Structure formats: C-alpha cells, structure tokens
Amino acid sequence: MPLPVEIARQLTEEQIAFVKRSGLKAEVLEPGFIRLRMPLQGNQNHIGSMYAGALFTLAEIPGGALFLTSFDAQRFYPIIKEMNLRFRRPATGDIQVEARLSAEQIAQLEEQANQQGKAEYLLALQLTDGSGEVVAESRGYYQLRLR
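Conventions and cut-offs
- Residues numbered from 1 in each chain as written.
- Predicted model: local features only at pLDDT ≥ 70, side-chain atom pairs only at ≥ 80, totals over all residues.
- Heavy atoms only, no water.
- Pairing = 2+ DSSP bridges.
- Helix = DSSP H or I, 4+ residues; strand = E, 2+ residues; numbered from the N terminus.
- Expected span 1.5 Å × (residues − 1).
- Bend = angle between axes of the 7 residues up to and from the residue.
- Buried < 20%, exposed > 50% of the residue type's maximum accessible area, 1.4 Å probe, protein only.
- Phe/Tyr/Trp six-rings, centres within 6.5 Å; stacked < 30°, edge-to-face > 60°.

**Q** Can you help me understand the pairing of strand β1 (residues 25-30) in this one?
**A** When a strand is regular, its side chains alternate between the sheet's two faces. Across five bridges, the pairing between β1 and strand β2 (residues 33-38) is antiparallel. Residue Leu29 lies in a different strand from β2, and its bridge partner there is Ile34.

**Q** What should I look at first to understand helix α3 (residues 52-70) in this one?
**A** Three or four residues apart is the spacing at which side chains of an α-helix point the same way, because the helix has 3.6 residues per turn. Here α3 is 19 residues long and its end C-alpha atoms lie 28 Å apart, about the 27 Å a rise of 1.5 Å per residue gives. Ile61 marks where α3 bends most, by close to 30°; the proline Pro62 follows one to four residues later. Of all 19 residues making up α3, 15 are buried, and the element is well covered by its neighbours.

**Q** What am I meant to see in the packing of aromatic side chains here?
**A** Two aromatic rings are characterised by how far apart their centres lie and by the angle between their planes. Taken as a whole and assessed by the stated rule, the structure comprises three aromatic pairs. Note on Phe67 and Phe71: the rings are 6.0 Å apart at their centroids and 20° apart in plane angle, and the pair reads as stacked. Assigned by exposure class, Phe67 and Phe71 land together as buried. Both rings, one in Tyr121 and one in Tyr142, keep their centres 5.7 Å apart while their planes meet at 20°; by these two values the pair is stacked. Pair noted here: Tyr121 is in strand β5 (residues 118-128) and Tyr142 is in strand β6 (residues 134-146), with a separation of 21 residues, a long-range link. With a relative accessible area of 8%, Tyr121 lands in the buried category. With relative accessibility at 3%, the residue Tyr142 sits in the buried group. Here a set of aromatic residues connected by ring pairs shows up, and it is made of Phe67, Phe71 and Phe76.

This is a description of form; function is not addressed.
Right, here's the structure in full:
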C-alpha cells in the first residue's frame with residue numbers, strides 16, 4: 001500500500017539532506033501523479049539563474065516521489081539507473097515538474113517486479129518556469145525492485 005500523503009511529503013522534502021537544503025516542495029502527491037517545485041532563491045548560480053545541480057535534483061526526485069505515492073514500500077523499492085538532462089534555457093525563477101504513471105502502468109510494473117524481481121520504466125519529464133516555458137528536459141530510467 002502506498003504511503004499516506006503527509007509521510008510521502010515529509011520523505012520527499014526532508015529525507016535527503018541535500019534536497020531539504022534546496023527548499024524543494026512537493027505541491028501535489030497523489031497515486032500516479034506528483035508536482036514538485038524548486039525555488040530559485042538559494043539555488044542560484046554565478047549568473048543568477050538556477051544552478052544545474054538544483055535542476056538535476058528537481059528532475060531526479062520525481063522517481064522517488066511517484067514511488068512513495070504509487071507503490072507498496074514494504075514490498076518494493078526504487079533505484080535510478082540512468083538520468084539525462086537537456087538544458088533548454090536559463091531558469092530565472094522557481095521551476096516545477098510534473099510526473100505521471102497511469103494505474104495500468106503501476107499494476108504492470110508491480111506484476112513484472114513480482115514475477116522477475118524487478119521492472120524498468122522511463123520517466124521523460126519537462127521542467128517548466130512560471131509561464132510554462134520548458135527550461136530543461138529529462139529522461140530518467142528507473143527500476144522497481146522487489147524486496
């Protein structure tokens with residue numbers, strides 16, 4: 001059974017010290033859907049736009065947040081196998097990302113992990129600014145593993 005929302009929020013925002021220091025916020029945590037926000041304040045680089053590491057963090061954390069809201073953490077755990085990030089334009093404000101897994105995808109991944117011990121999936125995401133402009137695109141290859 002997925003974790004309750006407030007526990008998933010606390011784990012997403014506070015479990016990893018680096019993420020906690022960045023100020024990342026989990027705005028929406030639902031089974032199969034999450035929306036996260038990274039503030040510009042405190043995450044600026046030498047030219048005043050968002051630091052690449054903060055953008056990478058915002059692109060990578062959705063895999064864990066989706067796991068917490070969609071899968072049984074007592075039966076499964078996630079790992080990331082590969083992450084690519086393509087920068088499109090400078091991020092000069094807070095940046096958000098949304099990620100989804102359908103109920104069918106979740107069930108299929110669970111079934112495959114139960115049968116084979118693991119199941120791989122891709123999260124292709126767009127990081128956007130306040131006006132909806134894409135500042136970066138990511139491709140994260142994750143694996144759901146049976147405990």
